[in-house]
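Examination of the molecular architecture
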Number of protein chains: 2
Amino acid sequence: MNEFMEQAIKEAQSGIQDREGGPFGCVIVKDGKIVGRGHNEVVKRKDPTCHGEIMAIHDACAALDTFDLSGCELYTTGEPCPMCWGAILWANIDHVYYGCNIQDTEEIGFRDQKMYNQSDADKKQLKSELDRDACLKLYQDYLNQNGKIAY
Amino acid sequence: MNEFMEQAIKEAQSGIQDREGGPFGCVIVKDGKIVGRGHNEVVKRKDPTCHGEIMAIHDACAALDTFDLSGCELYTTGEPCPMCWGAILWANIDHVYYGCNIQDTEEIGFRDQKMYNQSDADKKQLKSELDRDACLKLYQDYLNQNGKIAY
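So, here's what we can say about the structure. Here the residue numbers are simple positions, counted from 1 along each chain's written sequence. Chains and ligands are labelled by the order in which they are written, letters from A for the one and numbers from 1 for the other. Two thresholds apply to this predicted model, a pLDDT of at least 70 for residue-level local features and 80 or more for giving and counting side-chain atom pairs, whereas whole-chain, interface and lining totals are computed over all residues. Each side-chain value is worked out from all heavy atoms of the structure, with water and hydrogens disregarded.

**Some details on the relation of the copies chain B and chain A**
- Least squares is the method used to superpose the copies, on C-alpha atoms of residues holding a pLDDT of at least 70 in both. The transform that puts chain B on chain A rotates by 180° and translates by 0.0 Å along the axis, for an RMSD of 0.0 Å. The superposition of one copy onto the other is thereby described by a two-fold rotation axis. Taking C-alpha positions as the reference, the residue of chain B nearest the rotation axis is B:M83, at 2.0 Å.
- Same-surface contact between copies: 100% of interface residues of chain B are shared with the interface of chain A. Only heavy atoms matter for contacts: two residues are in contact if any of them lie within 4.5 Å across the pair.

Here it is as structure tokens:
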């Protein structure tokens, strides 16, 4: 077995054992070394955003002291959900290796596949524009600020 | 102006003032009361996952002592990115009110639109299946566990 996936599985196993959440563990690797690790803690932390990938990104960013994980690879026991895929893109991670796929994850009772299949019409029903002009003014204030750090 | 969007803007303004990240603030409302709030802290915390919506979901879950924000509405200064949209779905939030739209956000230099437009082919190039059998064994161990809490 791949040594990094083995570590991702160990992360997931510890989470299952302690009943912290789903069977999802993750490690992040740079230059052949693990720089971050984490597992699903949704139940333990009572926070739906605490997926293995999010926890590992948090851990790697703290270790490397940056929000930019360019040059890193991510190993995860399950194909990332839409939230984690977005986090991976924001983190500039180079490549993702996953064990089980989205269909496998659906078969053990999770909603990832439904989220990926959500139609534009369904999305539109769940959101509405409000006070755009006031928010555009806010965006302009940000644009006018000097010395911003891009991410 | 809507009173809750006004508070989301105030969150964003405090983040801009302290140079903590982008111009994105968020509040979460249940039964007409704010139960969580947050703003983008990507630069301050050096963590790409610290968007306003994620911070507010974290805050509301702590306040309500649950990972399930059913019955809540979310007010945010910018239309949610794919990561935050996923977080909103996992949190079971009822409805999202946003100020600026994704195109507005692109115009001030952010990548949300590119992420939404990412093709399946582009996604596939960034990820690979690895050691699926070992991970399926892990999923089975989870399935066999009694007394799990679903989320």
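**Looking at the sheet that holds strand β5 (residues 127–129) of chain A**
- Taken in spatial order, the 5 strands make up an open sheet running β5(A)-β4(B)-β3(B)-β1(B)-β2(B), and their pairing is mixed. The open sheet has two free edges, formed respectively by β5 of chain A together with β2 (33–39) of chain B, since each of these has just one partner strand. In this sheet, neighbouring strand axes are inclined to one another by 20° on average, regardless of whether the strands run parallel or antiparallel.
- Here, any two strands with at least 2 DSSP bridges between them count as paired. Helix numbering and strand numbering both begin at the N terminus, where a helix is a DSSP run of H or I of at least 4 residues and a strand a DSSP run of E of at least 2. Bridge count between β5(A) and strand β4 (residues 95–100) of chain B: 3 bridges; the pairing is parallel. Bridge pairing in β4(B) links A:S128 to B:Y97.
- Along the sheet face, helix α3 (residues 52–64) of chain B touches β1 (25–30), β2 and β3 (72–78) of chain B and points at about 140° away from the line of β2(B). To obtain an axis, a line is fitted to C-alpha atoms, over the contacting stretch when the element is a helix, and the angle between two such axes runs from 0 to 180 degrees between their N-to-C directions.

**Let's talk about the interface of chain B and chain A**
- Opposite the 79 residues of chain B that make contact, chain A presents 79 residues.
- Defined here as a combined quantity, buried area equals the accessible surface (1.4 Å probe) lost by two parts on assembly, summed across both. Buried area between chain B and chain A, both sides added, is near 7,700 Å², and the carbon and sulfur share of it is 65%.
- Any Lys or Arg side-chain nitrogen located within 4 Å of an Asp or Glu carboxyl oxygen qualifies as a salt bridge. Along the contact surface separating chain B from chain A lie 6 salt bridges.
- A salt bridge links A:R132 to B:D104; its shortest N-O distance comes to 2.7 Å.
- Any pair of nitrogen or oxygen atoms within 3.5 Å is treated as a polar contact; in protein, a donor-acceptor pairing is required on top of that, and neighbouring residues in sequence qualify only through side-chain atoms on both sides. Remark: the boundary between chain B and chain A carries 42 residue pairs in polar contact (both at pLDDT 80 or more).
- Considering every element that reaches the side of chain B that touches chain A, the biggest residue donor is helix α8 (residues 132–143) of chain B, with 8 residues.
- Of the residues that constitute the side of chain B that touches chain A, the class distribution is 41 nonpolar, 23 polar and 15 charged. Think of it as three bins: nonpolar holds Ala, Val, Leu, Ile, Met, Phe, Trp, Tyr, Cys and Pro, charged holds Asp, Glu, Lys and Arg, and polar takes everything else, Gly as well.

**Some remarks on the pairing of strand β4 (residues 95–100) of chain A**
All names here are of chain A.
- With a 1.4 Å probe rolled over the protein chains alone, any residue whose accessible area is under 20% of its type maximum counts as buried; one over 50% counts as exposed, and the rest are partly exposed. A large share of β4 lies buried, amounting to 5 of its 6 residues.
- Where strand β3 (residues 72–78) lies against β4, 5 bridges are found, and the strand directions are parallel. In the strand pairing of β4, E73 is matched with H95.
- With the strands pointing away from the viewer, any crossover whose connection runs clockwise from the first strand over the helix to the second is right-handed. Since β3 and β4 lie parallel, the crossover through helix α4 (residues 82–90) that links them has a hand, and here it is right-handed.

**Details of the pattern of salt bridges**
- Enumeration over the complete set of coordinates arrives at 14 salt bridges over all chains.
- Of the charged contacts in the structure, one is a salt bridge between A:E41 and A:K44, with a shortest N-O distance of 3.7 Å.
- In this structure, the salt-bridge partner of B:E11 is B:R37, at a minimum N-O distance of 2.8 Å. You can see B:E11 sitting in helix α1 (residues 3–17) and its partner B:R37 sitting in strand β2, a full 26 residues away along the chain.
- Of the residues examined, B:E11 reaches a relative accessible area of 13% and is grouped as buried.
- The partly exposed category is assigned to B:R37, whose relative accessible area is 30%.
- Residues joined in a network through salt bridges with shared partners are A:E41, A:K44 and A:R45.

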